[in-house]
Amino acid sequence: MMKRRCVMLLLAAALSGCAAITGGEPDKLLIDHGGASGISIERTGVIFGSIGFAPRDLSMSAMSLHLRSVDDKGHRFEIFATNWQQHARWRTPDVDTDDQRIWVFSGRVPAGRYEIALAGLSGADAHEVHWMNFKPAIPVTVSAKGAVYLGRWQFTPAAAQLPENQEQVRIPGSDLVLRDTPDEDQALLARKRGDSPIGKRPIDDVLRDLADRS
């Protein structure tokens, strides 16, 4: 656990400052930018994770992270959660308590190499986005046989105390917290859908992979 926490802290220190896919209705949180249409399901892999606010904070308007293709420049997937019901992309949260407002997501993306290099937060002014750039970017490899867990991305004010004994790290100087909760997010997906989109696929946990490679 200490090794994994050290890797996540090193990652945190490096932080500065829609085409259709065959195979079902896409998750409303998962927005495809610049992709080719008609990708067959055999050439896609599953990604999943969660995003939100802990504690629940209605003064924030939205949060997003961006998974961009390394192999196909200009193609990226935006995981976008709006916190305001009047927004066109509003989806009911999967957890909505005083302690947290969380949306889980899952979807199919073309198999290949990706990276997470950008995350964004919007406050009371939805048009004013605070962008956070990861340098180096977080590498993500999607295969047609497995599933990739991207982690839980949450807004938690810097003054808030984080629970102990959890796989998480606060990005220094920001309100962004990364958490490693694959079992919890899978359970939320199964409850939401009636079954799990992961099935018996082997899971590639991005945060754990970073620890293993150190």
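Shown above is the structure to which this text applies.
Residues numbered from 1 in each chain as written. Predicted model: local features only at pLDDT ≥ 70, side-chain atom pairs only at ≥ 80, totals over all residues. Heavy atoms only, no water.

A. View of unusual backbone geometry. Residue P55 is reached from A54 by a cis peptide bond, and omega for that bond is 5°. Mapped onto the secondary structure, P55 falls in the loop between strand 3 (44-53) and strand 4 (62-69). Across the junction of K135 and P136, the peptide omega takes the value 5°, indicating a cis bond. Its location among the elements puts P136 in strand 9 (residues 129-142). (Helix = DSSP H or I, 4+ residues; strand = E, 2+ residues; numbered from the N terminus.)

B. Representation of the layout of surface pockets within the structure. Counted as a void, the second largest pocket has a volume near 210 Å³. In this structure, the second largest pocket is lined by 17 residues; those nearest its centre are A62, F80, H87, S122 and A126. Of all the secondary-structure elements, those providing two or more residues to the lining of the second largest pocket are strand 4, strand 5 (76-82), strand 8 (112-122) and strand 9. Of the residues assigned to the lining of the second largest pocket, the class counts are eight nonpolar, eight polar and one charged. (1 Å grid on protein atoms, 1.4 Å probe; cavity = no way out; pocket = protein on both sides within 12 Å on 5 of 7 lines; lining within 4 Å. Points joined across faces, edges and corners; volume = space filled by probe spheres on them. Nonpolar A, V, L, I, M, F, W, Y, C, P; charged D, E, K, R; others polar.)

C. Seen up close, the pairing of strand 5. With respect to burial, strand 5 is a largely interior element, six of its seven residues being buried. Sheet topology note: the strand 2 (residues 30-33)/strand 5 ladder contains four bridges and is antiparallel. By the bridge assignment, H33 is partnered in strand 5 with R76. The sheet contact formed by strand 4 and strand 5 spans seven bridges and is antiparallel. Residue pairing in the sheet places L67 in a bridge with F77 of strand 5. Between the antiparallel neighbours strand 4 and strand 5 lie six residues, among them G74 with a positive phi of about 95°. (Buried < 20%, exposed > 50% of the residue type's maximum accessible area, 1.4 Å probe, protein only. Pairing = 2+ DSSP bridges.)

D. Seen up close, the pattern of salt bridges. For the structure on display, the rule yields nine salt bridges. A salt bridge links D27 to R91; the shortest N-O distance between them is 3.6 Å. With D27 in the loop between strand 1 (15-16) and strand 2 and R91 in the loop between strand 5 and strand 6 (95-96), this pair connects stretches of sequence that are 64 residues apart. Each member of the pair, D27 together with R91, is buried. (Salt bridge = Lys/Arg side-chain N within 4 Å of Asp/Glu carboxyl O.)

Note that every value here comes from positions in space, so none of it alone points to a role or purpose.
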